[in-house]
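Chain and residue survey
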Amino acid sequence: MRVRNSLRSAKARDKNCRVVRRRGRVYVINKKNPRMKARQG
């Protein structure tokens, strides 16, 4: 999982990416390609 200060670039890498808020943190998750995971905050 990558930690980055802007998740817009992480979301744009794949069309299956979703931005999700959990416990005050913002995550990018991808069911089809789990290597695309990223976190902010």
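Residues numbered from 1 in each chain as written. Predicted model: local features only at pLDDT ≥ 70, side-chain atom pairs only at ≥ 80, totals over all residues. Heavy atoms only, no water.

Turning next to the overall build of the protein chain. If you tally the helices and strands in the protein chain, you get 1 helix and 4 strands. Taken from the N to the C terminus, the helices and strands of the protein chain come in the order β-α-β-β-β. Principal-axis analysis of the C-alpha atoms places the extent of the protein chain at approximately 25 × 15 × 15 Å. Considering only residue pairs separated by 6 or more positions, the protein chain has 29% of its internal contacts joining residues 24 or more positions apart. For the protein chain, the accessible surface area stands at approximately 3500 Å², while carbon and sulfur atoms represent 45% of it. (Helix = DSSP H or I, 4+ residues; strand = E, 2+ residues; numbered from the N terminus. Contact = heavy atoms within 4.5 Å. Areas by Shrake-Rupley, 256 points an atom, 1.4 Å probe, with all protein chains shown as cover.)

Here the focus is a positive patch on the surface. On the surface, a cluster of positive charge is made up of R8, K11, K15, R18 and K32. Within the secondary structure, K11 is located in helix α1 (residues 8-11). (Patch = residues over 30% accessible without salt bridge, like charges linked within 9 Å, V, L, I, M, F, W, Y side chains within 5 Å. Salt bridge = Lys/Arg side-chain N within 4 Å of Asp/Glu carboxyl O. Lys, Arg positive; Asp, Glu negative; His and termini not counted. Charge placed at Lys NZ, Arg CZ, Asp CG, Glu CD.)

Judged by nonpolar contacts, L7, A10, C17, V26, V28, M36 and A38 together constitute the single largest core of 7 residues. The contact partners of V28, leaving out residues within four places of it in the chain, are L7, A10, K11, C17, R18, V19, M36, K37 and A38. (Core = buried A, V, L, I, M, F, W, Y, C linked by side-chain atoms within 4.5 Å. Buried < 20%, exposed > 50% of the residue type's maximum accessible area, 1.4 Å probe, protein only.)

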